[in-house]
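The lines below spell out each chain.
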Amino acid sequence: MTTDPTATGRRGCRRGRGRVLARVLAPLLAALALIVLPGPGPGDGTADAASVCHGRPTRTYAFATGEVRVYRARHYVCAVTVAKRPGARRPMTVSLQPRGGRPAVKSGRFDRQAGPVTVHALNRCVRVYGAVAGKSTATGWILC
């Protein structure tokens, strides 16, 4: 039995082409799957929602109708006032003042949170104020 050398050559060529296609198509198909397939939606994961402030959570000041959350990054401090019971719009305020500077204030009628406000506070103390529907909290100079 004799074999045709061109048939063997073709078979070898096709195998090489298949390997090249596999190397090229595999990453493309994986990238397409990441784009097209839906990821975990709301309520699917166990992690908490991402914060609106950058940095690590530093302090939380609770009061009757809500709380003020303070975050600190390297050069900045950020604060947000969060209502205890989200719902109807009501007056809310968050204020953050670095020592020797003007306060950054966000106030208005919100349903869940007021803020975020961010100030540059490298090596400076800050003062925090937060209010929800007439009840409030204020701090002295903190994060010194």
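Quick caveat, the model's predicted, so the values are computed rather than measured. (Residues numbered from 1 in each chain as written. Predicted model: local features only at pLDDT ≥ 70, side-chain atom pairs only at ≥ 80, totals over all residues. Heavy atoms only, no water.)

### Overview of the overall build of the protein chain
Line of reasoning, step 1. On a plain count of helices and strands, the protein chain comes out with 1 helix and 8 strands.
Line of reasoning, step 2. Counted from the first residue to the last, the protein chain has its helices and strands arranged as α-β-β-β-β-β-β-β-β.
Line of reasoning, step 3. When the 144 residues of the protein chain are sorted by exposure, 26% land in the buried category.
Line of reasoning, step 4. Within the protein chain, residue pairs in contact and separated by at least 24 positions form 43% of the contacts whose partners lie at least 6 positions apart.
Line of reasoning, step 5. Summed over all atoms, the accessible surface of the protein chain reaches about 10,200 Å², with 56% contributed by carbon and sulfur. (Helix = DSSP H or I, 4+ residues; strand = E, 2+ residues; numbered from the N terminus. Buried < 20%, exposed > 50% of the residue type's maximum accessible area, 1.4 Å probe, protein only. Contact = heavy atoms within 4.5 Å. Areas by Shrake-Rupley, 256 points an atom, 1.4 Å probe, with all protein chains shown as cover.)

### Quick notes on a nonpolar patch on the surface
Line of reasoning, step 1. A contiguous nonpolar patch, built from V20, V24, L25 and L28 and spanning about 350 Å² of accessible area, is present on the exposed surface.
Line of reasoning, step 2. Considering the arrangement of structural elements, one finds L28 in helix α1 (residues 5-36). (Patch = residues over 30% accessible without salt bridge, like charges linked within 9 Å, V, L, I, M, F, W, Y side chains within 5 Å. Salt bridge = Lys/Arg side-chain N within 4 Å of Asp/Glu carboxyl O.)

### Considering the sheet that holds strand β2 (residues 66-72)
Line of reasoning, step 1. The sheet built from 4 strands is open, its strands ordered β1-β2-β3-β6 with antiparallel pairing. Of all strands in the sheet, those bounded by a partner on one side alone are β1 (56-63) and β6 (113-120). Averaged over all neighbouring strand pairs, the angle between strand axes comes to 15 degrees, with direction disregarded.
Line of reasoning, step 2. Here strand β3 (residues 76-83) runs beside β6; their pairing, made up of 6 bridges, is antiparallel. (Pairing = 2+ DSSP bridges. Axes fitted to C-alpha atoms, helices over the stretch in contact; angles between N-to-C directions.)

### What to know about the side chain of Q97
Line of reasoning, step 1. Along the chain, Q97 turns up in strand β4 (residues 90-98).
Line of reasoning, step 2. A distance of 3.1 Å separates a polar side-chain atom of Q97 from the backbone oxygen of G101.
Line of reasoning, step 3. Other than its neighbours up to four places away in sequence, Q97 contacts R102, P103, C125, V126, R127 and W141. (Polar contact = N/O pair within 3.5 Å; in protein donor to acceptor, adjacent residues only side chain to side chain.)

### Points about the state of the cysteines
Line of reasoning, step 1. Scanning the entire structure with this criterion turns up 2 disulfides.
Line of reasoning, step 2. The disulfide partner of C53 is C78, and the gap between their sulfur atoms is 1.9 Å. Around the S-S axis, the bridge from C53 to C78 shows a dihedral of about -55 degrees and counts as left-handed. With C53 in the loop between α1 and β1 and C78 in strand β3, this pair connects stretches of sequence that are 25 residues apart. (Disulfide = S-S within 2.5 Å.)

### Examining the sheet that holds strand β5 (residues 104-110)
Line of reasoning, step 1. Ordered by their spatial adjacency, 4 strands build an open sheet running β5-β4-β7-β8, and the pairing between neighbours is antiparallel. Unpaired on one side and paired on the other, β5 and β8 (135-138) mark the two borders of the sheet. Across the sheet, the mean angle separating the axes of adjacent strands is 5 degrees when strand polarity is ignored.
Line of reasoning, step 2. Two strands pair when backbone bridges link them, and strand β7 (residues 126-132) and β8 are joined in this way by 4 bridges, in the antiparallel orientation. Its bridge partner being in β8, A131 is matched across the sheet by S136.

### Overview of the nonpolar core
Line of reasoning, step 1. V70, V77, L96 and V126 are the most contacted members of the largest nonpolar core, which has 20 residues in total.
Line of reasoning, step 2. Elements with a minimum of two residues in this core: β1, β2, β3, β4, β6 and β7.
Line of reasoning, step 3. Listed in part, the 5 residues of the second largest apolar core include Y71, C78, V80 and V82. (Core = buried A, V, L, I, M, F, W, Y, C linked by side-chain atoms within 4.5 Å.)

Read these as spatial facts, not as claims about activity.
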